[in-house]
Structures are given as structure tokens and as C-alpha cells.
Amino acid sequence: AIYNIVDRMFIGNAPQLGSLGLAGITISYPVTLILMALSLMAGVGGATRFSIALGAKEDDEAQYYQGNALMITVLFGLIFMVFGNLFMNPILILLGASEAVLPHARAYLSIILYGAVFQCVAICGNNFSRAQGNARNAMVSQLLGAGFNIVFDYILDVFFIVSLRLGVSGAALATIGGQFLSMVWQLTFLFGKRSMIQCRLAHLKLKKHLTYMILKTGLPAFLMQLSTSLLNIVINGTLGKYGGDTAISTVGIITSVQTLMLMPLIGMTQGQQPIISYNFGAKRVDRVKETLKYTIIASSIISVVGFLAIQFFPG
């Protein structure tokens, strides 16, 4: 979320880009959401089965769930990159890109797609870091990538975007650079000695029944994220038709704010997942219920605070 928000901040404030550049990123956003949905299907599905296997003391099966999920995300990323680049113009026009916005959207998305594998593996790896009880590693991975994106966006904005006219391409380069760092951090952890359940190359070989269980378990996460993408597609298409490029830019800003409000809730659900899954595998139903109770209470408090903040400080 921070990747996209920071890109919007720098592009929206660049004098030579302004609303058209911002509209280009906003038009591209549903595509990145679909990629995230695929990553979550493998990451959440794999990590959930991984945690259940750990709770049931089936460490060997847990290793294969981890390796298979990583391989699935790599395949998703490669397929997405290839087909996204092949059909980029029709996709962006379908998403509501006008003739003025299309060059900016294409310049941004073409680079983002080349980092598809980076994003997929980083998201999947974060889920397994949490599943192993190492939430700190997942946090460092995210902060490392997002921090690089912010710094590199700033460097490009000050020194290169104006002079070399990189435009939205510079923001996209900063984004995939940050995602690459996150991916490397996660792979170093999962294949290294710090990992509680180390991944090996042998575990990457796909097993039919494990792949089925990963995708089946991760399907709800995929559909939830996909629905957000479809909603953005409908909104962008409607605004492009009745409000023009400026209206699309406006909803891009609103989406950034909305995303910041929703992220803590997603964090709560991702935080509860390994705890619930592990205790479900260990047949500790009491702990499953207790975890769910505290998650609901904390999420309700976060929702109310976020709602009040938006109502009192919208500007």
C-alpha cells in the first residue's frame, strides 16, 4: 500500500505530470491488486496449511507446503508478467484510460509488471515469516522495501524525474526496486539458518494434492482482494466516462487514504491467521476462540478510530 501511496504523492506533486500522471497510476492500480490477490491466494493458503501442519507436528509436510507455495507464486508472477505485457493496451483501455492518460499508465505498468515475481515472492514470504512466529522478519522485509521506495522516489524526483523526464517510469522503478529487496530478504530468511522450518530446493517441486490444498485454502483471500480490484475497475470506468481524468485522479487520492485506514485491519487478520491455524492443528479450540475474540475487539477499536479521524480531519 505504501508503495502505491508514495508513488502517487511524488507523481501528483510533479509539475510536469500532475493529475494525468496520478490518473495513470490510479488506472493501473486494479492490475496490481489482481497480482496481489494471486500472491495472497498462494501465500495465505500455503501459510495456513503450513501452520496447521506445524500444530499437528507434521514438520515434513509443512516444509513442502512452504516450498510449493513459493513455487506457485513464482509461476503466477511470470504468467502475469508475460500476459500483462502482451495485452497491456487493451487492458488499460478497458480499465478506463483515456488517450491522454494511456501513455502514463503504460509507462508505469510496463515496469511494474517486470517486478511481478518480486512482489509475489515477497508477499508469500511475509506470510510464512508470520507463520513461523517471526513477525519481526516480515515487518523488516516490508519496511526495507517501502523505505527504499520512498528514498529512491525522492532521489528520482529531485535529480532525475524533471531533468531526464522519467515521469511515472521513475516511480515504477523505485517500486520494483523495493519489492526486489523485500524478496531477497525473505528468501534469505526462508532458505537460511534463521528459519525455524528451512526451505530446500527439493521442496519447490510441486505436488498435486498440496497445490490443490494451498489454492483451495487461499481462495477466499483471492476473492476478497479480487473484489476490491473489480470495484476499482467499475469506479475508474464510470468516473472516466462522466467525470474525466481529474475525477480518476481524485479517487486515486481517496483510495490512498482508504487504504491507510484498512491496512491495520488487514494486519490484524494476518496476525491472527498463524495463531488460529496452529492451534486448530493442535486441536486447541479454546485458543482459536480466544484469538478470534481479541481480534474482533481490536479491529472494532481501530475501525472506530479510523472513522472518526476521517470525519473530523478529511482535508
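Above this text is the structure in question.
The sections below set out a description of the structure shown in this document. (Residues numbered from 1 in each chain as written. Predicted model: local features only at pLDDT ≥ 70, side-chain atom pairs only at ≥ 80, totals over all residues. Heavy atoms only, no water.)

## Quick look at the overall build of the protein chain
Next up, step 1: What the protein chain contains, in helices and strands, is 11 helices and zero strands.
Next up, step 2: Computed over C-alpha atoms, the radius of gyration of the protein chain comes to 20 Å, within 12% of the 20 Å expected from 2.2 N^0.38 for 315 residues, which places it in the range of a compact globule.
Next up, step 3: With the C-alpha coordinates of the protein chain rotated into their principal frame, the extents come out at 60 × 45 × 35 Å.
Next up, step 4: In the protein chain, which comprises 315 residues, the share counted as buried stands at 49%.
Next up, step 5: Total accessible area computed for the protein chain in this model is approximately 15,400 Å², and 72% of it derives from carbon and sulfur atoms. (Helix = DSSP H or I, 4+ residues; strand = E, 2+ residues; numbered from the N terminus. Rg over C-alpha atoms; globule rule 2.2 N^0.38 Å. Buried < 20%, exposed > 50% of the residue type's maximum accessible area, 1.4 Å probe, protein only. Areas by Shrake-Rupley, 256 points an atom, 1.4 Å probe, with all protein chains shown as cover.)

## Brief notes about the nonpolar core
Next up, step 1: Within the largest apolar cluster, 57 residues are counted, with the highest numbers of intra-cluster contacts made by Ile27, Phe50, Leu70, Leu92, Tyr108, Leu109 and Phe128.
Next up, step 2: Of all the elements in the fold, those that place two or more residues in this core are helix 2 (18-55), helix 3 (59-86), helix 4 (88-94), helix 5 (102-114), helix 6 (116-131), helix 8 (168-190) and helix 9 (208-242).
Next up, step 3: Tallying contributions element by element places helix 2 first for this core, with 13 residues. (Core = buried A, V, L, I, M, F, W, Y, C linked by side-chain atoms within 4.5 Å.)

## Concerning helix 5
Next up, step 1: For helix 5, which comprises 13 residues, the first-to-last C-alpha distance of 18 Å matches the rise-based estimate of 18 Å (1.5 Å per residue) to within 8%.
Next up, step 2: Every buried residue of helix 5 is accounted for by Leu102, His104, Ala105, Tyr108, Leu109, Ser110, Ile111, Ile112 and Leu113. (Expected span 1.5 Å × (residues − 1).)

## Regarding helix 11 (residues 285-312)
Next up, step 1: Between its terminal C-alpha atoms helix 11 stretches 41 Å, which fits the 40 Å expected from 28 residues at 1.5 Å a residue.
Next up, step 2: On its buried face, helix 11 is in contact with helix 10 (244-281). (Contact = heavy atoms within 4.5 Å.)

## Concerning unusual backbone geometry
Next up, step 1: Residues other than glycine seldom take positive phi values, yet Lys57 does so here, at roughly 65 degrees.
Next up, step 2: Structurally, Lys57 can be placed in the loop between helix 2 and helix 3.
Next up, step 3: The backbone of Lys283 sits at a positive phi, close to 60 degrees, despite the residue not being glycine.

## Some remarks on the packing of aromatic side chains
Next up, step 1: Counted under the stated rule, the structure contains three aromatic pairs.
Next up, step 2: Ring centres of Phe83 and Phe87 lie 6.3 Å apart, and the angle between their planes is 15 degrees; this geometry places the pair in the stacked category.
Next up, step 3: Residue Phe83 is classed as partly exposed on the basis of its relative accessible area of 47%.
Next up, step 4: An angle of 70 degrees between the planes, with centres 5.1 Å apart, marks the rings of Phe118 and Phe180 as edge-to-face. Residue Phe118 is located in helix 6, and its partner Phe180 is located in helix 8; the two are separated by 62 residues in the primary sequence.
Next up, step 5: Here Phe118 falls in the partly exposed class, since its relative accessible area comes to 21%.
Next up, step 6: Positioned above the aromatic ring of Tyr64, the side-chain terminus of Lys207 is 3.9 Å from the ring centre.
Next up, step 7: The lysine or arginine in question, Lys293, covers the ring of Tyr294, its NZ or CZ lying 4.9 Å from the ring centre. (Phe/Tyr/Trp six-rings, centres within 6.5 Å; stacked < 30°, edge-to-face > 60°. Lys NZ or Arg CZ within 6 Å of the ring centre and 35° of its normal.)

## Considerations on the side chain of Ser141
Next up, step 1: Tracing the backbone through its elements, the reader meets Ser141 in helix 7 (residues 135-161).
Next up, step 2: Ser141 sits in the buried class, given a relative accessible area of 0%.
Next up, step 3: In contact with Ser141, not counting residues within four places along its chain, are Asn126, Ser182, Trp185 and Gln186.

## Re a nonpolar patch on the surface
Next up, step 1: There is a patch of nonpolar side chains on the surface, built from Leu75, Leu78, Ile79, Val82, Phe83, Leu86, Phe87 and Leu206 and spanning about 730 Å² of accessible area.
Next up, step 2: Along the polypeptide, Phe87 turns up in the loop between helix 3 and helix 4.
Next up, step 3: Judged by its relative accessible area of 43%, Phe87 falls in the partly exposed class. (Patch = residues over 30% accessible without salt bridge, like charges linked within 9 Å, V, L, I, M, F, W, Y side chains within 5 Å. Salt bridge = Lys/Arg side-chain N within 4 Å of Asp/Glu carboxyl O.)

## Some points on the state of the cysteines
As used here, a disulfide is simply a covalent bond connecting the sulfur atoms of two cysteines.
Next up, step 1: Counting across every chain of the model gives zero disulfides.
Next up, step 2: The thiol sulfur of Cys124 is not disulfide-bonded, and the nearest other cysteine sulfur, from Cys120, lies at 8.8 Å. (Disulfide = S-S within 2.5 Å.)

## A few points about the packing of helix 5 against helix 8
Next up, step 1: Taken N-terminus to C-terminus, the directions of helix 5 and helix 8 make an angle of 20 degrees; their axes are 8 Å apart at the nearest point. Accordingly, the angle class assigned to the pair helix 5 and helix 8 is roughly parallel. Helix 5 and helix 8 meet at a crossing whose hand is right-handed. Residues His104, Ala107, Tyr108, Ile111 and Ile112 of helix 5 form the contact with helix 8, whose own contacting residues are Val168, Ser169, Ala171, Ala172, Leu173, Thr175 and Ile176.
Next up, step 2: Along the lines of polarity and charge, the residues of the contact of helix 5 with helix 8 split into nine nonpolar, three polar and no charged. (Axes fitted to C-alpha atoms, helices over the stretch in contact; angles between N-to-C directions. Parallel < 35°, antiparallel > 145°, perpendicular 65-115°, else oblique. Left-handed = near helix turned anticlockwise from the far one by under 90°. Nonpolar A, V, L, I, M, F, W, Y, C, P; charged D, E, K, R; others polar.)

## Topic: the side chain of Asn137
Next up, step 1: If you trace the backbone, Asn137 turns up in helix 7.
Next up, step 2: Overall, the relative accessible area of 3% leaves Asn137 in the buried class.
Next up, step 3: Here the side chain of Asn137 touches Ser129 through a polar contact of 2.9 Å, side chain to side chain.
Next up, step 4: There is a polar contact of 3.3 Å between the side chain of Asn137 and the side chain of Arg194. (Polar contact = N/O pair within 3.5 Å; in protein donor to acceptor, adjacent residues only side chain to side chain.)

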